Every structure is written in structure tokens, then in C-alpha cells.
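Architecture and fold: a report
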Amino acid sequence: MAARSGQQAASTLQQRAPGNGRQRGIVVQALGPQWVVATGDGTVRCVARRSLRRALERPVVGDLVEIEPIGGDMGCIVDVLPRKNRLRRADVHRGGRREQVIAANVDQLLIVGSTTEPPLNPGLMDRYLVAAWRDGIRPILCVSKVDLPMSARARTILESFGGLDIPIVRTSAVTGAGLEDLRVLLEGMTTVLAGLSGTGKTTLVRHLTGDHSLEVGEISAATGRGRHVTTSARLLPLVSSAGGYVIDLPGQRVFGLGDLTEEDLLRGFPDLERAGECRLPGCSHGSEPGCALVAAVERGLVPARRLEAFRRIWKNLEDEVAPGTGRPGR
Ligand SMILES: Nc1nc2c(ncn2[C@@H]2O[C@H](COP(=O)(O)OP(=O)(O)O)[C@@H](O)[C@H]2O)c(=O)[nH]1
Ligand SMILES: [Mg+2]
Ligand SMILES: [Zn+2]
């Protein structure tokens, strides 16, 4: 599989010969201190030049890089080409905030939530939407495991995303439903799959890439949760004449957004953003008079869950930015 992914990945690179023994490639896997880079000749395991090891500059999957051979079949990443965009997360870590780039040069974020096993986590989906729009990535919702019965709760949650003007695709790896629709949405694009462990992301990736060496997890009967089987992000070529890639991520229970302005956050809630201006500056969208967001909910234009989610994320950002001390400098 490594060689195939290498050839296909490299065939879409503009093969400029950088000279001086350098080769251009795409990062297909990040393994902590090492990276797997696909070039025209296959895949090379690489280390990175010291200047490329800082948190936000470290190579990530999807990065176009230049590598130099360092012997023993190993390479060294000596340059990361300018990124078109990147998907970021920021999580509280030992009392501080750690910002991480997850993937680079991403067109789409496929937000996967299963009908059941594990149950839908709408809060996580809201956050992925915010991150996608913030980072210039087109979000798509994927409701997976539609062969399983859907609870009334799940149905209501899914309806709450109805006013967003984004594609929503319903898939089952068991019956094959929706897989062709999904393939069409992903063709020619680089798409990151995100969602809880166990929602069926790797199973979808296996269908889309034909790569059956990828490990799929069992759902724990005791907890109803998925196991974390996918341990590092992987970039794989789609089986498609139009090309394109998917990036399979390890499952995530939390997804920190870091420091956002209220405008940034509202962009992740276009249904609320459309509601217009509140009467009072600094409106907390609670009980103030003339709140446009509350009015939109009262008129049935926006589901109440979305406003609650917006308020909850805004409140939690305080803790993410500076745990326990409130939000500084705003
Ligand atoms: N019923 C059903 N089970 C699925 C479907 N897709 C995946 N699964 C199962 O869900 C479990 C987790 O799948 P996996 O792809 O590893 O999820 P990931 O953690 O999101 O990568 C496995 O037992 C899969 O066989 C589906 O469409 N329907
Ligand atoms: Mg997986
Ligand atoms: Zn308001």
C-alpha cells in the first residue's frame, strides 16, 4: 500500500526537480519524531530539520515538503512549502493551551457522526463546524451507520443542522447506502475525516481508498464507545479518476478551539449569524432585551439547541484560554 499511495500522491505533485539531491513529496503520515513522505519513487521515512520541529511549523499530513537523502533509506525534511490552509486545534494541556496543526492543504472536513454506537455528540460536531469555517475548509456532515435504528434524540440533533446550507450525506458501510454520494462529494478534493472513535471513519476510508490494511475497531459492549485504533493521521489516495485524498484521523472526544473572537465563533453558526444585530452592544444572548439571536429562536428560525451550543462554547472558551481566570484582554 505504501508504494501505491506514494506513486499516486506524487503524480499529483508538480514534479519540479529542486536540484542538489532534493526531492519533493507529500507527508502521508506523521509519527511523532518521524514522518512518512510519498515521492515519485515511493515512500521515504524522514526526520525533520531542527528549525521545522516547532509546534506550529512541524510538518503535518498534507504538507508538501522537500526532502534530502541522509542514508540508510532515510530522508530529512528540509523545507515545508507554503500551506494553502491548515486545520488547527487547541487544547488545554497542563494548565496551558497547546495549539496544534492537524493537517495542511485541506479542502473539506467530513464530520462523521453515527446514528448510534457511539451516540451522536452534537457539541463536538458544532466545534468542528466552527474550526472548518475558521480555517477556510468546507464542512460536510456524514451521518454514518444508517442501517442501525436512529433514536428520536439523534433525529432532533440532525435536524438542528438543517439550516446550515452544507451537504449532509447518510451512509452505511453495511448496506452500501450513500457511499456513492460520498465518493462524488470527495472526488478531486483533500478531505479530513473527523469524529468520535467508533463512528466508522476508517471503515469509510477503506471503502473510498480500497485499502483494507487499515485497522477497524470494535465497539466496546461495556461502554458503547469505540476503541482508539487509528493512532496517527494518515493521508491516502481516493480510488477515483478525478484524484483526491482522504485523511483519517485518530478519534477525538474533545476539540479545543483556542482563542476566538465572537465574530469567529458566529461564523461557525451561520444560522445565528443571519439573525442580525442585537440591540445592546456586548449582548450575552441570554435575557437582555432586543437580542436578535433569542428572537430568531423564538420565531422558530433557529433550533434552540444551536443557541445553547453557541453560548456554551463561548463560555467554555474562557476556560480553554485561561483556565479559571476568565478571558483576558477582550
Ligand atoms: N452497523 C454498522 N457498523 C459500522 C458501520 N461502519 C463501521 N461500523 C463498525 O463500527 C466500528 C468502528 O468502525 P471504525 O471504522 O474503526 O471507526 P473509527 O474509529 O471512526 O475509525 C467497527 O466495528 C465497524 O465495523 C456501518 O455503516 N454500520
Ligand atoms: Mg479509525
Ligand atoms: Zn444577543
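Just so it is clear, the structure is predicted and the values come from calculations on it, not from any experiment. (Residues numbered from 1 in each chain as written. Chains lettered and ligands numbered in written order. Predicted model: local features only at pLDDT ≥ 70, side-chain atom pairs only at ≥ 80, totals over all residues.)

**Topic: the confidence of the model for the protein**
Caution applies to low-pLDDT parts of the model: their predicted coordinates are not meant to be read in detail. Summing up the model confidence of the protein, the mean pLDDT is 87 and the portion of residues at 70 or higher is 85%. Element-level pLDDT for the protein is lowest in helix α1 (residues 2-11), with a mean of 48, against a maximum mean of 98 in strand β9 (residues 138-144). For residues 1-7, every residue scores under 50 in pLDDT, and the model assigns this stretch 14 contacts once sequence neighbours within four places are set aside. (pLDDT = per-residue confidence, 0-100. Helix = DSSP H or I, 4+ residues; strand = E, 2+ residues; numbered from the N terminus. Contact = placed C-beta atoms within 7 Å.)

**Some thoughts on the environment of serine 241**
Tracing the backbone shows serine 241 in the loop between β12 (234-237) and β13 (245-248). C-alpha separation for the pair serine 241 and glutamate 187, spaced 54 residues apart in sequence, amounts to 8.2 Å.

**Describing the nonpolar core**
Judged by nonpolar contacts, the single largest core of 73 residues is most densely connected at Val37, Ala103, Leu109, Ile111, Val192, Leu193 and Ile247. Among the elements that line this core, the one with the most residues is helix α2 (residues 122-134), at seven residues. Not counting residues within four places of it along the chain, the set of residues in contact with leucine 109 comprises Leu87, Tyr128, Ala132, Ile137, Pro139, Val192 and Ala194. (Core = buried A, V, L, I, M, F, W, Y, C linked by C-beta atoms within 7 Å. Buried ≥ 20, exposed ≤ 12 C-beta atoms within 10 Å, placed from the backbone.)

**A short note on the environment of valine 65**
By the secondary structure assignment, valine 65 is in strand β4 (residues 64-71). Sequence separation between valine 65 and cysteine 76 is 11 residues; the distance between their C-alpha atoms is 9.9 Å. Contact partners of valine 65, with chain neighbours within four places excluded, come to Gly25, Val27, Val37, Pro59, Ile77, Asp79, Val80 and Leu81.

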